[in-house]
Amino acid sequence: VVMAGSSPDRPLRILEFGAGNCILTGFVMEALRNSAVNSVEYWITDVGRSFVERARNRAGAESWLGARFSTFDITKAPEEQGIPEGAFDLVIGLNVVHATPDVVATLSNLRRLLVENGILAMIESVLDERWVSMVAGLAEGWWLFSDRPRKDSPLLPVEEWLDALALSGFDKAGAYPEVNDRTQESDCGLLVAGNFGGLSVPNIRARREAQMQELRALGAERS
């Protein structure tokens, strides 16, 4: 709503990548319906055309606000696929980026979609559990990764996601839950990043490092 208000001459533009069965889409569309946003352009995309067509049918049945549809492979340059660069206020996805060969390259593609002060928000699995690998490991796509530091699983812990976001060009990033001793108890994390300029967004890694420096100054040592 804040982003839409900052550009009254155009609609709020959102792109969802890897929409799949539109689990996330349904929640966001409901939130938009109950919000003060009057004009929205919501791009529903996926690498699979069948998913896109299924979303189109559901959008018609449920009267989704401002829905547009396109296939989009996030491992490739957006402009080569008819996806406008520098056009979206918000880019979102649910458990998608880990399933690409190189997360830094993929995140770089997603960053190119954003307007100045635009936001990337994505939910990713961050806990490498044995039962998950046993089930998902039967799928060929589970083993697509070829980048470092991933070796035995495509999943990254929160701290490494923040590193990947920084390497892909985002100047600020945050994670929820925050990086602390309890982070490893969470199986999923919400990652938020952007090139915000003057907009204040929590930089979780910077905060943690500051806390560590304070502890070292008090004589604490890593065990």
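What you are looking at is a predicted structure, and each value in this text was computed from that prediction instead of being measured.

J.: Before we move on, can you summarise the pattern of salt bridges with the specific residues and values?
T.: A complete count under the given rule lists 10 salt bridges for this structure. In this structure, the salt-bridge partner of Asp147 is Arg150, at a minimum N-O distance of 2.8 Å. For the pair formed by Asp147 and Arg150, the shared burial category is buried. Counted as one network, the salt bridges with shared partners bring together Arg13, Glu41 and Arg68.

J.: Please give an account of the side chain of Asp73 that cites residues and values.
T.: With respect to the element layout, Asp73 can be found in the loop between β3 (67–71) and β4 (88–94). Using a relative accessible area of 19% as the deciding quantity, one classes Asp73 as buried. Only 2.7 Å separates the side chain of Asp73 from the side chain of Thr75, close enough to count as a polar contact. When neighbours within four sequence positions are excluded, Asp73 is seen to be in contact with Val47 and Gln81.

J.: Can you tell me about the sheet that holds β4, naming the residues and giving the values?
T.: Reading across from one edge, β3-β2-β1-β4-β5-β7-β6 is the order of the 7 strands in this open sheet, with mixed pairing throughout. In this open sheet, the two edge strands, each paired with only one partner strand, are β3 and β6 (172–176). Between one strand and the next, the sheet's axes are offset by a mean angle of 15°, whatever the strand orientation. As paired elements, strand β1 (residues 12–16) and strand β2 (residues 40–46) share 5 bridges and run parallel to each other. Counted as the bridge partner of Arg13 is Glu41 from β2. The strands touched by helix α2 (residues 23–33) are β1, β2, β3 and β4; relative to β2, the strand with the most contacts, the crossing angle is about 175°.

J.: Provide a residue-level description of the environment of Leu120, including the pertinent values.
T.: Checked against the element boundaries, Leu120 lands in strand β5 (residues 114–125). C-alpha of Leu120 to C-alpha of Leu110: the two residues are 10 residues apart in sequence and 7.7 Å apart in space. Residues contacting Leu120, with those up to four places away along its chain left out, are Phe17, Val91, Leu107, Leu110, Leu114, Leu165, Phe170, Leu191, Val192 and Ala193.

J.: Can you lay out helix α3 (residues 49–62) for me, pointing to particular residues and giving the numbers?
T.: A rise of 1.5 Å per residue sets the reference length of α3, with its 14 residues, at 20 Å; its end C-alpha atoms lie 20 Å apart and thus fit the reference within 8%. Each element contacted by the buried residues of α3 is listed here: β2 and β3. Two residues or fewer after α3 comes Ser63, characterised by a positive phi angle close to 55°.

J.: Could you give an account of the confidence of the model for the protein chain, naming the residues involved and the relevant values?
T.: Here the protein chain averages 85 in pLDDT, and 83% of its residues register 70 or above. The least confident element of the protein chain is helix α1 (residues 2–5), whose mean pLDDT is 45; the most confident is β3, at 98. Here residues 198–205 is a poorly scored stretch, pLDDT under 50, and it has 17 contacts once near neighbours within four places are set aside; other chains count.

J.: Outline the layout of surface pockets, supporting the account with residue identities and numerical values.
T.: Each pocket or cavity is described by its volume, and for the second largest pocket that value is around 310 Å³. What lines the second largest pocket is a set of 17 residues, among which Gly18, Val47, Val96, Ala99 and Thr100 lie closest to the centre. Looking at side-chain class alone, the lining of the second largest pocket contains 10 nonpolar, 5 polar and 2 charged residues.

J.: Before we move on, could you go through the nonpolar core and cite the residues and values that matter?
T.: Formed by 30 residues in total, the largest nonpolar core has its most connected members in Phe17, Leu110, Leu120 and Leu165. Every element with two or more residues in this core is listed here: β4, α4 (103–111), β5, α6 (158–167), β6 and β7 (188–194). Tallying contributions element by element places α6 first for this core, with 5 residues. Those residues in contact with Phe17 that lie beyond four places of it in its chain are Thr45, Phe72, Ile74, Val91, Ile92, Gly93, Val96, Val97, Leu110, Leu120 and Met122. Of all hydrophobic cores here, the second largest spans 23 residues; its members include Ala19, Val52, Ala59 and Phe196.

Conventions adopted
Residues numbered from 1 in each chain as written. Predicted model: local features only at pLDDT ≥ 70, side-chain atom pairs only at ≥ 80, totals over all residues. Heavy atoms only, no water. Salt bridge = Lys/Arg side-chain N within 4 Å of Asp/Glu carboxyl O. Buried < 20%, exposed > 50% of the residue type's maximum accessible area, 1.4 Å probe, protein only. Helix = DSSP H or I, 4+ residues; strand = E, 2+ residues; numbered from the N terminus. Polar contact = N/O pair within 3.5 Å; in protein donor to acceptor, adjacent residues only side chain to side chain. Contact = heavy atoms within 4.5 Å. Pairing = 2+ DSSP bridges. Axes fitted to C-alpha atoms, helices over the stretch in contact; angles between N-to-C directions. Expected span 1.5 Å × (residues − 1). pLDDT = per-residue confidence, 0-100. 1 Å grid on protein atoms, 1.4 Å probe; cavity = no way out; pocket = protein on both sides within 12 Å on 5 of 7 lines; lining within 4 Å. Points joined across faces, edges and corners; volume = space filled by probe spheres on them. Nonpolar A, V, L, I, M, F, W, Y, C, P; charged D, E, K, R; others polar. Core = buried A, V, L, I, M, F, W, Y, C linked by side-chain atoms within 4.5 Å.

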